[in-house]
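Remarks on the overall topology
Spelled out from the first residue to the last, the chains are:
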Amino acid sequence: MTAGSSLQRVECIPKLTGEAKFIDDIDFPGVIHGATVRTPAPCGTLKGFTLQPGVPWDEFTIITAEDIPAGHNFIAHITDDQPCLVERRINHADEAVLLLAHPDKQLLQKALPLVKLDIEQGDPVLTIEDSLSRRRVVWGADNVFKSFTIEKGDVEKIFTSSDIIIVEGEYRTGAQEQMYIEPNGMVARADGASVTVWGSMQCPYYVHKSLAKMFSLPDDMIRVVQTVTGGAFGGKEDYPSMLACHAALLARKSGRHVKMIYSRGEDMAATTKRHPSLTRHRTAVTRDGRILAMDIEFILDGGAYVTMSPVVLSRGAIHAAGPYFCPDVRIRARAVATNYPPHGAFRGFGAPQSFFAMERQMDRIAAKIGMQPDELRRRNFIKKGQAMATGQLVRDNVDMEGLLERALKEADYHCKRRRFDAGNPASPVKRGIGFSCFMHGGGFTGSGETFLSSIAAVEAAPDGRVRVLASSTEMGQGANTVFTQIAAGALGLPFSMIEVAQPDTSIVPNSGPTVASRTTMIVGKLVENAALGIKQTLLGSGLLREGYTASQFSEACALYIKKSGHLKSLSQYKKPEHMDWDDKTYRGDAYGTYSWAVYVADVSIDTVTYETRVEDFVALQEVGKVVNPVLAEGQVQGGVLQGIGHALCEEVLWKNGHMINNRFTNYIIPTAADAPPIRVFFEEDPYAHGPGGAKGLGELPMDGPAPAILNAVMHATGADIRSIPMQPEHLMKALEDSKEGGK
Amino acid sequence: MKITMTLNGKRMTFDAHPMSRLLDLLREDARLTGTKEGCGEGECGACSIIMNGRLVNSCLVPALQCEGADILTIEGVSAGGLHRVQEAFLQHGGAQCGACTPGMIMAVVALLDHNPNPSEAQIREALAGNLCRCTGYMRIFESAKNAIAAKGATR
């Protein structure tokens with residue numbers, strides 16, 4: 001039995017002993033070090049640069065935009081608008097202008113400030129409102145990267161009817177840094193026309209595509225190797241393409257291995273963060289708590305270039321109406337340009353932003369109509385057979401009511417709510433309990449999986465050892481372990497006979513990027529099918545019979561390979577037949593399926609210091625069959641704590657478009673001393689199209705904590721806070737303002 | 001400049017750059033790359049090692065302060081097979097991406113050296129200087145508690 005067993009993390013021991021080689025740990029012969037000169041200005045024109053005396057400049061390899069083949073100065077993303085190096089126009093602070101390489105790291109650091117950039121600074125656009133006003137156009141014709149509307153029914157008609165209560169609200173979420181412990185890093189080598197890069201990344205084939213486009217090389221002249229990756233959370237989805245191009249340019253010019261490892265400060269200032277958001281809700285509800293219409297405006301600050309913004313916007317908008325059935329819904333979504341470094345992927349990918357708004361709005365609706373928050377949810381949960389905002393019919397079982405009941409019971413919600421209500425008036429420490437209800441679609445949005453048409457492979461060696469080949473990367477989430485379990489399960493072999501190949505584009509097929517909660521659900525299914533292909537080949541050849549032992553399997557492999565040369569099976573994604581999506585209208589099946597969850601936060605607020613602490617956290621989710629309970633629990637706990645950080649302490653501070661708290665010292669993530677008990681529970685309802693019934697899990701835990709916590713804060717103090725992160729000073733202001741208002 | 005120290009039980013001399021940090025000496029001169037650099041300013045704990053019996057961030061220790069010091073790194077902890085702390089991390093899911101893991105293990109080893117039977121509050125306090133972004137710490141606490149329980153074992 002393989003799915004559901006807690007196989008120990010397969011690559012764990014080298015990580016425990018320090019033998020695991022992250023990119024900065026690997027020796028490369030004759031390696032020199034690369035570094036990046038960046039603009040301090042958020043926008044403007046680069047007039048030129050001078051190399052000031054102080055270092056032997058003739059020993060340095062220097063790259064500017066002029067070294068990039070004409071017409072190829074861009075990083076291949078959805079839109080090829082982001083330059084690899086600034087030519088003239090500067091669009092964000094910390095944008096890369098010039099690259100340096102030298103064998104001596106200390107000399108390299110000395111040289112960086114000696115490059116003087118001559119910049120004529122412009123007038124930056126630094127808020128969503130400013131971007132929307134088009135006071136200054138910084139991208140395209142209107143500052144809008146992407147705009148679309150999801151519409152079901154006729155929202156306006158409902159809002160004009162009498163007998164309804166209208167609740168409005170505006171919600172904001174800030175940028176958030178992924179803060180993986182291993183910073184971005186890459187090593188490149190160019191031999192003749194070919195280019196090889198090794199590094200920390202989520203998506204080897206994204207990097208591959210960027211290099212191929214920049215250098216106009218055929219696919220087989222580019223090789224991308226993922227090295228042990230020390231956390232990513234979306235932060236190593238698109239940026240490694242930039243870093244790989246930089247390292248490769250230096251490698252081509254110097255003829256050496258070039259290593260570029262970002263310092264923490266550079267990584268935080270220059271690479272992607274979670275999109276800041278602004279969401280407006282207008283909800284029509286009956287007195288008895290039935291939601292009749294939702295009018296939602298969802299806006300993301302995309303930063304200076306398109307990068308991932310259109311797809312982050314899609315996921316955020318599609319999830320914006322929450323796990324509720326509402327007959328009339330309109331979601332107007334826009335991603336706009338500003339002069340910040342491009343915001344990018346971060347676990348949840350737009351959904352934490354839109355759920356923060358939806359789930360705060362639900363508690364505010366409940367307060368407005370005088371109903372308990374849980375009762376309001378119960379009256380509106382979506383059920384099997386009902387249509388979501390995109391018109392997608394819920395085909396699989398969903399029992400949000402059951403999840404809510406269990407989560408509230410595990411959290412002792414009702415009892416605590418009464419106890420806190422009774423105790424708070426006399427106590428300087430206010431207690432509150434709140435929850436959030438949400439879901440997360442597994443896999444790429446809409447037609448994304450069809451477009452990717454991912455391939456995974458399984459091959460067997462003559463000794464019966466089986467190797468899984470996929471470009472999906474292990475970055476701490478457990479991909480290697482889960483693939484091992486799935487392949488072992490499909491083949492009926494012990495785990496020890498399975499190996500997962502390190503992603504290397506010269507060896508593994510393109511199983512797509514390691515994102516979107518797709519690795520287990522989508523790629524895992526391909527691994528399962530490919531493994532079954534091996535089994536069927538051996539059974540079909542007559543070399544093996546059902547009920548085989550591991551040694552019989554090995555003997556059959558040896559015989560088959562002796563006769564046919566090799567034994568390898570590929571599996572390519574085919575969309576489930578029921579799925580139908582229209583990219584133009586945003587109608588249809590946005591995801592193959594959803595995972596569902598209810599999270600409950602118990603908080604305490606010290607009314608002297610205004611510090612909010614999470615005292616207890618319950619995370620209940622239905623994610624199909626749980627492949628590995630220990631790994632799954634750990635992944636949920638990690639996501640929850642990132643969500644707690646998003647809610648309460650992780651604040652990116654900007655000055656003139658540059659992140660000024662780009663250090664662990666003053667960008668505060670939760671520590672071991674801050675983490676509450678995070679109690680994780682699963683309901684299991686196998687999904688027909690997932691491997692062994694599994695659905696997506698990775699992003700889900702990020703979606704729920706922030707609204708649950710802010711709902712608990714409202715319960716504790718009455719403070720109706722609609723913006724995160726909520727730092728003590730924000731809470732103090734809200735509570736003092738409400739006192740003023742009450743006078 | 002020459003620096004002589006006891007590194008993982010062996011007396012060794014390095015010719016280190018005068019401005020280098022203990023972290024650089026370990027990673028570049030001794031080629032012990034199990035000690036990681038996460039921030040370079042003593043905040044994240046990824047470079048934690050044990051110096052003269054105390055847990056320190058090796059990025060904050062100038063190499064020239066290490067003359068005559070007794071230094072224990074993750075490689076030293078692992079020298080005789082998995083330490084009971086590592087065994088507990090393996091069994092209880094204490095490691096995910098692995099970037100904080102060597103430092104985290106050094107912190108637990110240092111804690112148990114000084115306090116063989118810490119409470120959960122003491123574990124939390126002892127690990128508060130070691131940041132992890134993957135686990136939410138729960139399984140690290142679980143691993144630490146199980147390492148305490150395993151103290152009767154050989155290491």
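Residues numbered from 1 in each chain as written. Chains lettered and ligands numbered in written order. Predicted model: local features only at pLDDT ≥ 70, side-chain atom pairs only at ≥ 80, totals over all residues.

**Let's talk about the interface of chain B and chain A**
The condition that has to hold: It is the C-beta atoms, placed from the backbone, that decide contacts: two residues are in contact if theirs lie within 7 Å. Secondary structure elements are taken from DSSP: a helix is a run of H or I of four residues or more, a strand is a run of E of two residues or more, and numbering for both begins at the N terminus. Residue classes follow a fixed rule: Ala, Val, Leu, Ile, Met, Phe, Trp, Tyr, Cys and Pro count as nonpolar, while Asp, Glu, Lys and Arg count as charged, and any other residue, Gly among them, counts as polar.
Between chain B and chain A, the residue contacts involve 40 residues of the former and 40 residues of the latter. Residue assignment for the side of chain B that touches chain A shows that the elements contributing at least two residues are α2 (74–77), α3 (84–91), α4 (101–114), α5 (120–127) and α6 (138–149) of chain B. Here the side of chain B that touches chain A takes 4 residues from α3 of chain B, the largest share from any one element. Of the residues contributing to the side of chain B that touches chain A, the split by class is 19 nonpolar, 14 polar and 7 charged.

**Details of the packing of helix α8 (residues 309–318) of chain A against helix α9 (residues 351–369) of chain A**
All names here are of chain A. Inclusion rule: Here an angle of 0 to 180 degrees is reported between the N-to-C directions of two axes, which are lines fitted to C-alpha atoms, with helices fitted over the stretch in contact. For classification purposes, an angle smaller than 35 degrees is called roughly parallel, one larger than 145 roughly antiparallel, one from 65 to 115 roughly perpendicular, and anything else oblique. Put simply, a crossing is left-handed when the front helix is turned counterclockwise from the back one by less than a right angle, and right-handed when it is turned clockwise.
In the contact formed by α8 and α9, the axes pass within 7 Å of each other and the chain directions differ by 30°. On the basis of the axis angle, α8 is roughly parallel to α9. For the pair α8 and α9, the crossing hand works out as right-handed. Contacts from Arg315, Gly316 and Ala317 of α8 reach α9 at Ala351, Gln353 and Ser354.

**Some remarks on the environment of Arg27 of chain B**
Residue and element names in this part refer to chain B. Our working definition: Exposure in this text rests on C-beta crowding, where 20 or more other C-beta atoms within 10 Å of a residue's own make it buried, 12 or fewer make it exposed, and counts in between make it partly exposed. The C-beta atoms are placed from the backbone.
For Arg27, the location among the structural elements is in helix α1 (residues 22–29). A residue is classified by how many C-beta atoms lie within 10 Å of it, and Arg27, with 22 of them, is buried. Between the C-alpha atom of Arg27 and that of Gly40, which follows or precedes it by 13 residues, the distance is 13 Å. Residues within four places of Arg27 in sequence aside, it is in contact with Leu32, Thr33 and Thr35.

**Some words on the sheet that holds strand β11 (residues 222–226) of chain A**
Residues and elements named next belong to chain A. Put simply, the rule reads: Think of it this way: DSSP has to see at least two bridges between two strands before they count as a pair.
Strands sit in the order β3-β5-β1-β12-β9-β10-β11 across an open sheet of 7 strands; the sheet is mixed. Each edge of the open sheet is held by one strand with a lone partner, namely β3 (61–63) and β11. The average angle at which neighbouring strand axes cross in this sheet is 20°, direction not considered. Each of β10 (194–199) and β11 touches helix α5 (residues 204–215); the most contacted strand, β11, lies at about 150° to it. Along the sheet, helix α6 (residues 239–254) makes contact with β1 (32–38), β3, β5 (96–102), β9 (185–191), β10 and β12 (258–261), crossing β9 at roughly 40°.

**Let's talk about the domain arrangement of chain B**
All names here are of chain B. Keep this limit in mind: What fixes the domain bounds is an automatic or database domain assignment.
Structurally, chain B comprises domain 1 (2–77) and domain 2 (84–152). The centre of domain 1, based on its C-alpha atoms, is set 21 Å off from the matching centre of domain 2. Each partner contributes residues to the interface: domain 1 has 14 residues there, and domain 2 has 12 residues. Broken down by secondary-structure element, the contributors of at least two residues to the side of domain 1 that touches domain 2 are β3 (48–51) and α2. Ranked by residues supplied to the side of domain 1 that touches domain 2, first place goes to β3 with 3 residues.

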